[in-house]
Amino acid sequence: MEKKRVDEHEAVPAALPKVDRFGFVKQEANSPDGFTRSKSASEYESCSFSGDDPLGLFVAYFLKKFRVSDAREERRIRKWRKMIGVGGNDWKHYVRRKPHVVKRRIRKGIPDCLRGLVWQLISGSRDLLLMNPGVYEQLVIYETSASELDIIRDISRTFPSHVFFQQRHGPGQRSLYNVLKAYSVYDRDVGYVQGMGFVAGLLLLYMSEEDAFWLLVALLKGAVHAPMEGLYLVGLPLVQQYLFQLDNLVKEQLPRLGEHFAQEMINPSMYASQWFITVFSYSFPFHLALRIWDVFLFEGVKIVFKVGLALLKYCQDDLVKLPFEKLIHALRNFPEDAMNPDMLLPMAYSIKVSKPLEELKEEYEKQNGKLSERVKEELQPS
Amino acid sequence: MASSGNKSINAKLVLLGDVGAGKSSLVLRFVKGQFVEFQESTIGAAFFSQTVAVNDATVKFEIWDTAGQERYHSLAPMYYRGAAAAIIVYDITNQASFDRAKKWVQELQSQGNPNMVMALAGNKSDLLDSKKVASEEARTYAQENGLFFIETSAKTATNVNDLFYEIATRLPRLQPAQNPSGMVLVDRPADRASSASCCS
């Protein structure tokens, strides 16, 4: 059924790949920059290894990683395990009792070995899964989707540099296809939209297909926070709203940069649409994306604005000097020091956006009508 | 119409076309001389630039590579508005992508800059065995609509430079590059737009 051409060098690459701690194949020094995703920071360079079976090594690496984790890390994991309880039993109780402790710990980063489970707990997806037994299987096996061919066309173009997704028709690509197809059936108004693959792909590195599917549902349908399906609906209404809000936040909070952007005719859609559409899972260092996702799932979309503003703020002095072309490039390729989560995230937390976001949303709705109404209008058959 | 002497022109160029037609691959080939079999999907849009020399002038292309999926349509006008040139890309092995290309042509004819240089590129010409869109059909369509037509292969590099070179020679060359930042992309009042556009 796949129409794409088959390349003789596919499946497992002939040259043994070096992968980073997250399973992304490392780029050669002379490989295209800006076209393929940027790699994790050098702090993980020492974690590289190579072998005949990249996926096996990837798994072996994770096993090894937890054996050698230092004492501090082990203490941290123990605290987290206590907080979660067996199979997540104590979690809700703990969150109710000590929400600030939970928030503080999440902001420091969820331990990687517990990330998948915690993401499901904080996003509300675990509850959805338990309430809907058998639904995912039904969607995958028995339903057909109008988006199937679109999904297939994009599968090998989603995280093409990750060992899990690299192998044609391998387990990674199959899972990715199933999750996206299931969602396109579950919500036929959204269907499949380019960008969802990166979100689903990121989730699949930390949980099973079915869990990833329900987390996608929790996010887009709004289990805990406001629904985000507007990111992918016809007309991309929520993307437009977020870009409007970001544009104004930049003008208010970083006036020097806002003025420079206006002069150089930089529109936020030129650099930030992918921040929102994929919640930083596209062409961003993976270790940073994960830390952002920890907070995003617990605190909601405002962290995307905060991180965006923090990046701009950190680089402001350089950005204001650049003419259009260099500026666009810089906004797509932030320097490595700016991408350090332990620097960037504390800076992001210190930026207050809740109130202005609310006000800007109202202003946007005054100009454009309410999102819910716009969505209804867009979905009317014309 | 072109005056003599060395000139430097900035030309905004936009690539439009169906998902997987090879827009990003054409740009990657043209700008960096590279090809990746599984090019990561473009989310939103990406910007590149490349300079070519034609006769007495150098043309610096400021290239916006857009996302192909229909759903992203609402973002496209920002990128083609004020563009001096557009490349509409289809995949010669995929009839639907050719139909989609025609829709883009229609949209540019009604919404785009009237002086825009438009090229129709039938990409993946290396896949001759699975060709679905006949060259004649595409050529006739292009002629009827005033487009420049060429079949390309980003994979083998066939005709890729020719495509951009041909566009460069067809650009109206009346205005020198006056504003280095000079691209109109913002959906704002026309006063700003007309003063900064290179060719309208």
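The model shown is predicted, which means the values in this text are computed figures rather than measured ones.

1. Considering the overall build of chain A
Within chain A one finds 21 helices and zero strands. For chain A, buried positions account for 57% of its 382 residues. Taking the contacts inside chain A whose residues are at least 6 apart along the sequence as the reference set, 75% of them involve residues at least 24 apart. Accessible area of chain A: about 17200 Å², with a carbon and sulfur share of 52%.

2. Overview of the nonpolar core
Judged by nonpolar contacts, the single largest core of 157 residues is most densely connected at W119(A) and L120(B). Residues in contact with L120(B), not counting those within four places in the same chain, are I88(B), Y90(B), F98(B), A101(B), A138(B), Y141(B), A142(B), L147(B), F148(B), F149(B) and I150(B). Residues V52(B), V54(B), V59(B) and F148(B) belong to the second largest nonpolar core, which totals 33 residues.

3. Things to note about empty space enclosed by the protein
Applying the stated criterion across every chain yields a total of five cavities of 30 Å³ or more. Lining of the largest cavity is provided by 26 residues; of these, R157(A), G20(B), G22(B), S25(B) and Q39(B) occupy positions nearest its centre. If you tally residues by element for the lining of the largest cavity, the top one is helix α1 (residues 23–32) of chain B, at three residues. Here the residues of the lining of the largest cavity sort into seven nonpolar, 10 polar and nine charged.

4. Thoughts on a positive patch on the surface
Residues and elements named next belong to chain A. A surface patch of like charges, here positive, comprises R72, R75, R78, K79, R104 and K108. Counting residues per element, the positive patch draws most heavily on helix α2 (residues 71–84), at four residues. Along the chain, R72 turns up in helix α2. Judged by its relative accessible area of 67%, R72 is exposed.

5. Quick word on the packing of aromatic side chains
All names here are of chain A. Summed over all chains, the structure comprises 35 aromatic pairs over all chains. Between W119 and W293, the ring centres sit 5.9 Å apart and the planes meet at 40 degrees, which makes this aromatic pair tilted. Of the two residues, W119 sits in helix α5 (residues 115–123) while W293 sits in helix α16 (residues 286–299), which places them 174 residues apart along the sequence. Take W119 and W293: they sit in the same class, and that class is buried. What links up through ring pairs into an aromatic cluster is the set F22, F24, F159, F164, F165, F198, Y282 and F286. Directly above the ring of Y94 sits R97, whose terminal nitrogen or CZ lies 5.6 Å from the centroid.

6. Description of the UniProt feature "domain: Rab-GAP TBC" (unreviewed entry) in chain A
UniProt marks residues 109–300 of chain A with the feature "domain: Rab-GAP TBC" (unreviewed entry), using the numbering shown here. Structurally, residues 109–300 of chain A comprises 64% helix and 0% strand, and the distance from its first C-alpha atom to its last is 15 Å.

7. Quick look at the interface of chain A and chain B
Facing the 44 residues of chain A at the interface are 45 residues of chain B. Approximately 4200 Å² of surface area, both sides summed, lies buried where chain A meets chain B, with 54% of it carried by carbon and sulfur atoms. Between chain A and chain B we count two salt bridges in total. With its nearest N and O atoms 2.5 Å apart, the salt bridge here joins E325(A) to K60(B).

8. Quick look at the environment of S8(B)
Turning to its location among the elements, S8(B) is positioned in strand β1 (residues 7–17). Separated by 51 residues in sequence, S8(B) and V59(B) place their C-alpha atoms 5.9 Å apart.

9. Section: the pattern of salt bridges
Going through the model one piece at a time under the given rule, you end up with 24 salt bridges over all chains. The salt bridge partner of R115(A) is D112(A), with a shortest N-O separation of 2.6 Å. Residue classification places D112(A) among the buried residues on the basis of a relative accessible area of 9%. As a salt-bridge pair, R256(A) and D317(A) come within 2.7 Å of each other at their nearest N and O atoms. Residue R256(A) is found in helix α14 (residues 255–264), and its partner D317(A) is found in helix α17 (residues 302–319); the two are separated by 61 residues along the sequence. Of the residues examined, D317(A) reaches a relative accessible area of 47% and is grouped as partly exposed. Salt bridges sharing common partners tie together D150(A), R153(A), D18(B), E70(B) and R100(B).

Calculation notes
Residues numbered from 1 in each chain as written. Chains lettered and ligands numbered in written order. Predicted model: local features only at pLDDT ≥ 70, side-chain atom pairs only at ≥ 80, totals over all residues. Heavy atoms only, no water. Helix = DSSP H or I, 4+ residues; strand = E, 2+ residues; numbered from the N terminus. Buried < 20%, exposed > 50% of the residue type's maximum accessible area, 1.4 Å probe, protein only. Contact = heavy atoms within 4.5 Å. Areas by Shrake-Rupley, 256 points an atom, 1.4 Å probe, with all protein chains shown as cover. Core = buried A, V, L, I, M, F, W, Y, C linked by side-chain atoms within 4.5 Å. 1 Å grid on protein atoms, 1.4 Å probe; cavity = no way out; pocket = protein on both sides within 12 Å on 5 of 7 lines; lining within 4 Å. Points joined across faces, edges and corners; volume = space filled by probe spheres on them. Nonpolar A, V, L, I, M, F, W, Y, C, P; charged D, E, K, R; others polar. Patch = residues over 30% accessible without salt bridge, like charges linked within 9 Å, V, L, I, M, F, W, Y side chains within 5 Å. Salt bridge = Lys/Arg side-chain N within 4 Å of Asp/Glu carboxyl O. Lys, Arg positive; Asp, Glu negative; His and termini not counted. Charge placed at Lys NZ, Arg CZ, Asp CG, Glu CD. Phe/Tyr/Trp six-rings, centres within 6.5 Å; stacked < 30°, edge-to-face > 60°. Lys NZ or Arg CZ within 6 Å of the ring centre and 35° of its normal. UniProt positions renumbered as here; feature names shortened; annotations may be inferred. Buried area = accessible area lost by both parts, 1.4 Å probe.

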